[in-house]
Structure formats: structure tokens, C-alpha cells
Amino acid sequence: MAMLKKSAIWIAFAVTLVGMPQIFDSILAISILNQMAIAIVFALSYNMLLGQGGMLSFGHAVYFGLGGFLSVHALILIEFETMVFSILWIPLIGGLFGLLAGLFIGSFSTRKAGTVFAMISLGIGELIAASSLIFSSFFGGEAGISGDRTFGPTFFGVDFTQNIDIYYVATFWVFLATLFMYLFTQTPAGRMANAVRDNPERAEFIGYSARKVRFISFCASGLFAGVAGGLFALNYEFITEENLNAATSGRVLLMAYIGGLGYFIGPIIGAVILTLMNSLLSNYSELWMLYLGIMFLLTVMFLPRGFAGFIMMHQVAWVRGTLTLLIKPYIITGVPAILFSLTAILLIEMSHTEDEIFHFLGMALNTSSSVTWVVALILSGGTFFATRKSLGQLNEAWESANAISKDEQT
Amino acid sequence: MLEVFIFATLNGLVTGLLLFMLASGLTLIFSMMGVLNFAHASFYMLGAYVAYSISLYFGFWTGLIVAPLIVGLLGALIERYGLRRVHQSGHVAELVFTFGLAFLIEEAVQFFWGRDTKNYQTPDLLDFPLFTLFGQEFSAYRGFMMTISIGIFIALYYVLTKSRVGIIIQAAITHPQTVANLGHNVPLIFMGVFGVGTALAGLAGVIAGPVLTTFPGMATVLGSIVFVIVVIGGLGSLAGAFIASLMIGLLQSYAIASDVGMPDLLNLLGISFARDHPLNDLWTINLPQIAPVLPFLLLVLVLIFRPTGLLGKREE
Amino acid sequence: MTILSLKNVQKNFGETQIIRGVSLDIIEGEKHAIIGPNGAGKSTLFHLISGRYQLTSGNIRFKQDQIENLPPYEIARMGLARSFQVTNIFPRMNVFENVRCALLWSKGYRYSFWHLLGRQRELNDEAMHVLEQIGLKDKALFPSGELGYAQQRALELGIAIASGAQLIMLDEPVAGMSHSEAESSVQLIRKITEGKTLIMVEHDMNIVFDVADRISVLVYGEIIATDKPENIRANPKVQEAYLGEVPSA
């Protein structure tokens, strides 16, 4: 039964992956889907480190980037017919190189978790990013290197000229990588990674070297980050220093954290949300990074287990059938909260814009008129106050929806 | 040769002392709260921008006094309403919070001040050469930077070792529980230390802004270097941070000023490679080129071979 | 047959001598208690045997092998398991996972990333069996970090005994428990250490004299006596060290 349920989830996942471009078939949509595919594998690989293994890395882009660089080099080799194989296998090359880098760097960096590990990862990240600018024959300096994915043998007549072709290649690898990363969590090595994350000392007293357990997770994580890098190379056909520097490392941390570290599905949610924000929001506002930063800090402060954690919080109420008790309180808090966010965004955008007439949600607002400002300020103040006021009733409802479970426990 | 050496040393000292102003605050905060403040250099950047804005209306000297106060106040507020809340979720969450803060401050700076470089100038009062050596000028402003930094070092040392507050702080570093049991308000001390630490960073920004240029990337440029320093010096050790600051400042300065590289070494060994050798980048590398890499190389080596740093006592 | 043998074991922290030359032979199958006033070095001795601390000098032999200064995981693999005075579990994993992890090495899974845990019938049955023994079967899927104190102590025991180690070391297994909780804990300890060697640090003298075959008294880093319970009770040196704290029961 459980087996059947699990298979059903994976089949649903595969169907969703394959079905997406049928629903969203514009060029923009395909390009976003490709970015999501890359981000999902990358964020999941990051979660193997931080969420599953308790290793906070500030240099995870190294494995992504190195995998990507090797993949572009492989594309070049295919182009000049030094090697002959279908570009379908490029992500595997990225993965192998990510694994190699993981084997080497992990051999000395996994001795400790915590702050020491975080600092080593930061140092190595900066070191490799800076070195990549020096060794320009391999990394191509600031311009990076580029390849062409249309060479090499075709795959059943597909020559990979279209982004949609790459999407299906990516789908194949995303499915495979996700499946293997999930299965890893179900193995002794994967489960001991959790144990070492929770309590490295006790793990040693049940026969496991914490360092070796971390090392295995680290290498596996490098492998999958490299696969993501290979997908990046296939999609964009170029790669630069930016793809292995601290900014990229930071972005993957953001994705995994916002999605929710403790849950396997968390990073997938984070990857989808951030890619959407990146591609869609950036069209509407040049301040989207500011919003992203605010959203991230709010997540760390109020939803320490991310979006996935927020959803999972409702499990108890769901099982008890008390979820309906929460609908009304959520609306009461949600409406002013959303209104507040909108007015806050409006204020930020109005103070940023240089246009006299600012278009917002179909309204044309005169930014030079003080009336607009006063109204917006009053609205945002009022909705903020209303949101705060409404938190009390939400808390009460939450308590009562979850209270029954406590009686049952004892 | 000598003149190059002397100027490299002076510049290295200026940079090193400046780095120490950042590193000292970071060390204090780490010692007290056990959290590495990733956003520390962002407060440095804020200091420069706030001082720039103030200097437009009230001149440099007002900015020098007021900007660090504003930055410190902001830091204290962030500790009170942000960090303290995250504290319950553990060290990783705190580190991630300060990481997000760094991200947000950089975006906020661009929002308020724009993306372009600001024309933040040294004050006219200090716009003269302090001395001229071998035909090269050493500006009075650099001398001023050194004076301020050394002054801060002395003041900090004095406060920490001699004053009552300093003794409580030192005790709270090693025995926070005991200090709390003695009736001291540890959260308040934390907030104060965070405020003072960020104010120091802000002050560093105020005096560095005119020289190192005030632009939205200035936090990123220095951010990781300051981390390198506190880790190399030994997490939580002020003396270690001081030594490491000067070391890194001088190391970078010498590396940039030097004119040696792989070709010289190869010449010395009598080896030569063809220009199309696959490792040509490696054979033609020189010290100024790898100057930015050196601190990180040092960081990784220290962490591998001496995880406690030069003078650090504890590992976590 | 001696299963564990300590020869002149010493441990200094800086200048301070904590263990000043302990020699002790533990006989296979016996239940051995180590008692002594606070600060005598009982926990330190446990840490030295189990590999958490390095010895300053001396040797420790477990079965045939020298084990001093080996890392804890190698000692654990040889069949020496221990519990901790302060509960030391995997708080974010559920109760079942805690015990299953403790079983993995002894069942030969090592660092495998090619076995799926869900399919290891024997392993899972064994883990459930351990849960049954420690009375936590109905809490199998409960997050271990949210268990009550007595139940966490039971889990602590479960993790220690799961691997089927021949030598089990328990550091104050009933500390902080109510009288009735302690009583059932003692029953549990008896049950799960049947046929095995047990070394136990405990403050509750009733339990010590109830459970132990032999008792060693550790005072200021030295063992002043090792003997049968009745002889220990009569020993004037021990009485002096405890200032009449030895119960007359």
C-alpha cells in the first residue's frame, strides 16, 4: 500500500514534468521551465548538505560551476569531434566532475561541521572564483566560455536546436537526479547523515565516523550539483565565473532555505518560487531583489522551516479534521496582510520611480500629488495595524485546531 | 626598491588597521553571541553612505561623528528585533539571518542611493601631503586613517581590560550563564555589543569611503576578507584579529607592489615552457595577479592545519 | 575471563590530575558498579574507556585488543556500547530511526548507499524488537526530541543496547527519575543486560547494591576498593570516604 502510494507520487512527478510544456508552451515559459529544472537539481543537492547533513556551505556554486565548465568544454570537444557522443550525456560529465571536486575538497573540509565548515566552504568558494579569473585558458576570464549543443550525434532525430528539446533532456535528468537523491535519504549512509547532523558525538558511539558520513554526503552533493551545472551548460551553451562565485552560492542557499530545509520537497518549492520571482518579477520591477531580500529575512525570522515547514505545520490539524477551523481566521489575517504588502510595495515603487504617473494594479497614480502619498501611507498603516490586531484570533484558532491532539497524546 | 617597500608597508598598515576596525567589532560580536555576523561589512558600507549623505549638508566632520552613531543604533535595533528572535532556532539560522541581512542591505543601499559610485571626498582640511618620500606623497588623510584606527585599538583595549563594562563583557564571553546569574542583563549587553560593533564598522566605512570609493559593491569587496581575518586570528581573539589584520593588509600590499612571479621563479630554476603550453596561465602567473586570492588560500590552510586560528582557544 | 582490563590509566586536564592510575579488571558476564563521591572522576573514566577522551598514560584492553586512544567509533564496533549521563539522542529523528541507526553498523550495513532501509526486513524487525524491550513500541514514529524525560532515558538505553554489544556501560541510567520510574528502569536494565557484561555508574545505593555483582569505589581518581557488595559495605575505607553515607539496608 505504502509502496503503491510512493510510486503514485513519482509517477505524478514524472507526468507533471513532462506535461508542463503542454500547458505553458510560450518561449518564455519554456525558458523558465528550463531554469526551474536546473534550480531544482541544484537546490536539492544543496539540501543534501545543509538540510540532511547539517553542513552550512557558502561555496556550493563551486561544484555547480566546475561541472558546468567541464560540460561546456565537453561540448567544445564534441563540436571539434575530439569526442563523439550525444550531448544527452553532458550532465553526467558535469556530475562526474562535481563528484571529483567533492572528493578532493571534502577530504579535508568535512572534518568539522558548524562554523568551521562554513568558513572553509566560503574560503574555497572565494579561492576558486578568484582563481578562475586568473586561469583564463580554461575558464575564459570574465567573458567565460561558450559551446554549441547542436553538434554530435542526434538522439532519434532530435538535434537539440530548440529549448523545448533541452527541456525534455533536463526532465530526464531532473527526474533521475531527484529520484536518486530521494533514495539516498533512505539508505544507511543517508540516514546516518541525519544522525550526524543531529548529534555527531553520539553517532561516533554507535560505530560511525562522523567525518566519513559527512564526506559521503558531501561527495554525493557535489555530484548532483555538477549534474545541475551540466544542465546549465546545455541550456545556455555558455558559462562564466559568475556561475561559481559567492552570489550563486548565496542564491542556492536562499532557495533551499525559503523552500524549507528539513523536508525533501522543500528545495523544490524554493527553486520554483525563486525562479518564478527571478523571471517574472524582474519584468515588473527592478527592485525585485530587494523584495527577495525582505522575503528571505521574514522567512528566516517567522518560518524557520520554510514554506514546506509551513505546509507541514498543518498536518496535525489535517489528520484531526480541524483544518476547516482555520479557514476563517486565515482569511481575517490574510486579507489585511496582503493589502499591507501591496501598499508597502506601492510605497517603495512610488518612491523609486521617476515617472509622474505610476501604474499599479490597473490604477494610474499621480506620484507628484501628495494626496496619493497620504492615502497610500494611511492605507499601509491601517492594514499593518489590522494585521497585527488579527494575529490574536489566528493564534487562538490555531491553538484550538491543534488542542485535541494533545489530549490524544497522553 | 626601498621606496616601493616603504610605501607598500605604509599602505599595508593603513589597510590592515582599517581591516582591524571591522575585525574588532566582528570579533566582539562573535565572542559574545557565538555568531559570525555575515553582514558586518554591510554596516561598514552603510557607514560610508550615511556619512556621505550627511557630508553633503553638514560636512565631513559631522558625518564622522553622526554616521557611526546612526549605524550603531540601526545595528542595535536589528539585534533586538531580528537576531534575538532567530537566536532560538540555533547558530545556523543566525548565520543565515546575517547572510540575508547582508543581501538586503546591499539592495537597500541601491534603493536609497542608486547603483552609481558616490563622490564622497576627503575633507579639504586633510587634503595635503603629510610627507614626501622619494618623490612620492603620503597623504595626510591616510595618516588620519591610521591615527583613528590606532586610537580605536587603544580605546577598545582600555575599555575591555580596565573598565567595569569591559570586565563584564569579558566574563560574558566565557561564562554567559554565570554573568546572567550575577544579575547582569545579558540580552542588553548583547544588544550593546552588537550596536558598538556595528558602529565601529560604520566608523571604518566613514573614513574608508573617500579613499576606497563609495559604491554598492564595497561591502562585498571587504566582507569575506574580514571573515578571513577573524578566522585566521582565531575566532574570538582580539589580539589575534589585530595581528591577522596587519598580516593580511601587508601581505596584499606587498603582493600588489611586488613585481615577481612564476616567470622569475622558472628563470631562476632554468626551466622554460612554450607559450602554447596547456598550463601557460600557471607559468606566467605573477604575485600582483594572485594578491586577491592569497587571503583565502591562507584561510583554507589555517582551517585545515590549525582550526583554532593563530590565537584562538575554542573551535566552535 | 577478563573482558575489560585497565592498567594504570591516568588522565590529566592541564595540570590537574583527574584519574591517577586506575587499574581494574572486569570479568565477562558480571554486573559491575562504579561508585564514588561527586567529582571522583567516574564519568571521566567512562569517557576514557569509550574513546571520548585520550589517555595521558596507561593501557586499556578490551577482549584481546588494546583500545586506548582509539576513536569512539572503532571501540563501538568491537562491541562496547555506552549510554550518557545527559540524554544524548538524535532529537530530530523519530524513536524508531534512533534505534535503527544504532543497529546499522552491527548488522553490517557500514556506509552503504545501495541498501534501502525500508526493505531490510530483519533490521526493521530487530529495531521494533528493541523498542518493545524498552517499552517505546507505541511511540515508534514519535519525534524523539519531544519525548518525556523518562522515555528519553529509555531511548538512551535502547540506543546503547541495540547493537547487541557484549559490554554495556551505563552512566547514571536512573538519575533524575522518580522512585517508581527508577524501579521500572532497573527492571529494564536487568532484562536487557541479561547474559552481558555491565558497567554502571550510579549514585542510588539501593540500586547499586541491588544490581551489582561487584562494586568499585572511585575516590579522587583512584580506586580504593573493588569487591562484592557485602564486603564493600563493611569496608572501613569506603565508609570513611562516604562519611557514613553507605546505607545500612
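Residues numbered from 1 in each chain as written. Chains lettered and ligands numbered in written order. Predicted model: local features only at pLDDT ≥ 70, side-chain atom pairs only at ≥ 80, totals over all residues. Heavy atoms only, no water.

### Here we look at the overall build of chain C
Part 1: What chain C contains, in helices and strands, is nine helices and 10 strands.
Part 2: What you see for chain C is a C-alpha radius of gyration of 18 Å, in line with the 18 Å of a compact globule of 249 residues.
Part 3: For the C-alpha atoms alone, the extent of chain C along its principal axes is close to 60 × 40 × 35 Å.
Part 4: Sorting the 249 residues of chain C into buried and exposed places 53% on the buried side. (Helix = DSSP H or I, 4+ residues; strand = E, 2+ residues; numbered from the N terminus. Rg over C-alpha atoms; globule rule 2.2 N^0.38 Å. Buried < 20%, exposed > 50% of the residue type's maximum accessible area, 1.4 Å probe, protein only.)

### Brief notes about the nonpolar core
General note: in soluble globular proteins, nonpolar side chains tend to be found buried as a group.
Part 1: Grouped together as the largest cluster of nonpolar side chains are 258 residues, with contacts concentrated most on A:Leu56, A:Phe58, A:Met192, B:Leu36, B:Phe43, B:Phe97 and C:Leu155.
Part 2: For B:Phe97, the residues in contact, after removing those within four places along its chain, are A:Leu297, A:Val300, A:Met301, B:Ile78, B:Gly82, B:Leu83 and B:Val86.
Part 3: C:Leu55, C:Ile60, C:Phe62 and C:Ile75 belong to the second largest nonpolar core, which has 25 residues in total. (Core = buried A, V, L, I, M, F, W, Y, C linked by side-chain atoms within 4.5 Å. Contact = heavy atoms within 4.5 Å.)

### With respect to the pairing of strand E1 (residues 2-13) of chain C
All names here are of chain C.
Part 1: Two elements, E1 and strand E2 (residues 16-27), share nine bridges in a ladder whose sense is antiparallel. Note on E2: the bridge partner recorded for Thr2 is Ile27.
Part 2: Connecting E1 to the next strand, E2, in antiparallel fashion are two residues, including Gly14 with a positive phi near 60°.
Part 3: Pairing analysis gives five bridges linking E1 to strand E4 (residues 57-62), with the strands arranged antiparallel. When the bridges of E4 are listed, Lys7 appears paired with Asn59. (Pairing = 2+ DSSP bridges.)

### Let's talk about the packing of aromatic side chains
Part 1: Overall, the coordinates contain 49 aromatic pairs over all chains when judged by the stated rule.
Part 2: On the basis of an interplanar angle of 80° and a centroid distance of 5.6 Å, the ring pair of B:Phe38 and B:Phe99 is categorised as edge-to-face. A residue pair is termed long-range when its members are at least 10 positions apart, and B:Phe38 in the loop between helix H1 (2-33) and helix H2 (40-58) and B:Phe99 in helix H4 (residues 91-113) qualify at 61 residues. Here B:Phe38 and B:Phe99 have matching classes, each one buried.
Part 3: On the numbers, 5.5 Å between centres and 40° between planes, the contact of B:Tyr141 with B:Phe144 is tilted. On the criterion of helical spacing, the pair formed by B:Tyr141 and B:Phe144 is a turn pair, its members being three residues apart in helix H5 (residues 140-162). The same class applies to B:Tyr141 and to B:Phe144, which are both buried.
Part 4: Ring pairing ties together the aromatic residues A:Phe58, A:Tyr257, A:Phe296, B:Phe38, B:Phe99 and B:Phe227, which thus form one cluster.
Part 5: Sitting above the plane of the B:Tyr81 ring, B:Arg80 keeps its charged end 4.9 Å from the centroid.
Part 6: Directly above the ring of C:Phe142 sits C:Lys139, whose terminal nitrogen or CZ lies 4.7 Å from the centroid. (Phe/Tyr/Trp six-rings, centres within 6.5 Å; stacked < 30°, edge-to-face > 60°. Lys NZ or Arg CZ within 6 Å of the ring centre and 35° of its normal.)

### With respect to the confidence of the model for chain C
Residues and elements named next belong to chain C.
Part 1: Averaged over every residue, the pLDDT of chain C is 92; residues scoring 70 or more account for 97%.
Part 2: The secondary structure element of chain C with the lowest average pLDDT is helix H9 (residues 236-242), at 82, and the one with the highest is helix H3 (residues 95-104), at 97.
Part 3: Confidence metrics for the complex model read pTM 0.92 and ipTM 0.93. (pLDDT = per-residue confidence, 0-100.)

### Regarding the sheet that holds strand E10 (residues 222-227) of chain C
Residues and elements named next belong to chain C.
Part 1: Spatially, the six strands line up as an open sheet ordered E6-E7-E8-E3-E9-E10, and their pairing is mixed. Of all the strands in the sheet, the pair left with one neighbour each is strand E6 (80-82) and E10. Between one strand axis and the next, the sheet turns through 15° on average, direction left out of account.
Part 2: Of the pairings in the sheet, the one linking strand E9 (residues 214-219) to E10 comprises five bridges and is antiparallel in character. Its bridge partner lying in E10, Ser216 is registered against Thr226. (Axes fitted to C-alpha atoms, helices over the stretch in contact; angles between N-to-C directions.)

### Here's the deal with the environment of C:Tyr242
Residue and element names in this part refer to chain C.
Part 1: Looking at where Tyr242 falls in the secondary structure, it is placed in helix H9.
Part 2: With 225 residues separating them in the primary sequence, Tyr242 and Gln17 have C-alpha atoms 21 Å apart.
Part 3: In this view, Tyr242 contacts Ile35, Gly36, Pro37, Met205 and Val217; residues no more than four positions away in its chain are not counted.

### Description of the sheet that holds E2(C)
Residues and elements named next belong to chain C.
Part 1: Judged by pairing direction, the sheet is antiparallel, and its four strands sit side by side in the order E2-E1-E4-E5 without closing on themselves. Unpaired on one side and paired on the other, E2 and strand E5 (65-66) mark the two borders of the sheet.
Part 2: Here E4 pairs with E5 via two bridges, running antiparallel. Its bridge partner being in E5, Phe62 is matched across the sheet by Asp65.
Part 3: Sheet contacts for helix H1 (residues 42-50): E1, E2 and E4; angle to E1, the most-contacted strand, approximately 115°.

### Focus on the interface of chain B and chain A
The accessible area lost on association of the parts is a frequent measure of interface size.
Part 1: If you look at the interface, chain B gives 41 residues, while chain A gives 45 residues.
Part 2: Taking both sides of the interface into account, the surface hidden between chain B and chain A amounts to around 3700 Å²; carbon and sulfur atoms contribute 78%.
Part 3: Linking chain B with chain A are zero salt bridges.
Part 4: Put simply, chain B and chain A have two residue pairs in polar contact (both at pLDDT 80 or more) between them.
Part 5: Going through the elements one at a time, helix H3 (60-86), H4, helix H9 (218-233), helix H12 (280-283), helix H13 (287-290) and helix H14 (294-305) of chain B are the ones with two or more residues in the side of chain B that touches chain A.
Part 6: For the side of chain B that touches chain A, the element with the highest residue contribution is H4(B), accounting for 13 residues.
Part 7: Tallied by class, the residues present in the side of chain B that touches chain A amount to 30 nonpolar, five polar and six charged. (Buried area = accessible area lost by both parts, 1.4 Å probe. Salt bridge = Lys/Arg side-chain N within 4 Å of Asp/Glu carboxyl O. Polar contact = N/O pair within 3.5 Å; in protein donor to acceptor, adjacent residues only side chain to side chain. Nonpolar A, V, L, I, M, F, W, Y, C, P; charged D, E, K, R; others polar.)

### Section: a nonpolar patch on the surface
Residues and elements named next belong to chain A.
Part 1: Where nonpolar side chains cluster on the molecular surface, the patch consists of Ile327, Ile331, Val335, Ile338, Leu339, Leu342, Leu361 and Met363 and spans about 740 Å² of accessible area.
Part 2: Among the elements that take part in the nonpolar patch, helix H16 (residues 324-352) stands out by supplying six residues, more than any other.
Part 3: Tracing the backbone shows Leu361 in the loop between strand E3 (357-360) and strand E4 (363-366).
Part 4: Its relative accessible area of 63% is what places Leu361 among the exposed residues. (Patch = residues over 30% accessible without salt bridge, like charges linked within 9 Å, V, L, I, M, F, W, Y side chains within 5 Å. Areas by Shrake-Rupley, 256 points an atom, 1.4 Å probe, with all protein chains shown as cover.)

### Some remarks on the interface of chain A and chain C
Part 1: On the side of chain C, 36 residues touch chain A, which itself brings 30 residues to the contact.
Part 2: Note on chain A versus chain C: buried area summed over both sides is about 2900 Å², and carbon and sulfur give 62% of it.
Part 3: On inspection of chain A and its partner chain C, the count reaches three salt bridges.
Part 4: C:Glu97 is the salt-bridge partner of A:Arg191, the closest N and O atoms lying 2.2 Å from each other.

### A word on the pattern of salt bridges
Part 1: Throughout the structure, instances matching the rule amount to 12 salt bridges over all chains.
Part 2: Between C:Arg214 and C:Glu30 there is a salt bridge, with the nearest N and O atoms lying 2.8 Å from each other. Of the two residues, C:Arg214 is situated in strand E9 and C:Glu30 in the loop between E2 and strand E3 (31-35); the sequence distance between them amounts to 184 residues.
Part 3: In this structure, a network of salt bridges that share partners links the residues A:Arg191, C:Glu97 and C:Arg100.

### Notes on the packing of H2(B) against helix H8 (residues 186-212) of chain B
Residues and elements named next belong to chain B.
Part 1: Relative to each other, H2 and H8 sit at 55°, their axes nearing to 6 Å. The orientation of H2 relative to H8 falls into the category oblique. The two elements H2 and H8 cross, and the hand of that crossing is right-handed. Contact residues: His40, Phe43, Tyr44, Gly47, Ala48 and Ala51 in H2; Phe194, Gly197, Thr198, Ala201, Gly202, Ala204, Gly205, Val206, Ala208, Gly209 and Leu212 in H8.
Part 2: For the contact of H2 with H8, the residue count by class is 10 nonpolar, seven polar and no charged. (Parallel < 35°, antiparallel > 145°, perpendicular 65-115°, else oblique. Left-handed = near helix turned anticlockwise from the far one by under 90°.)

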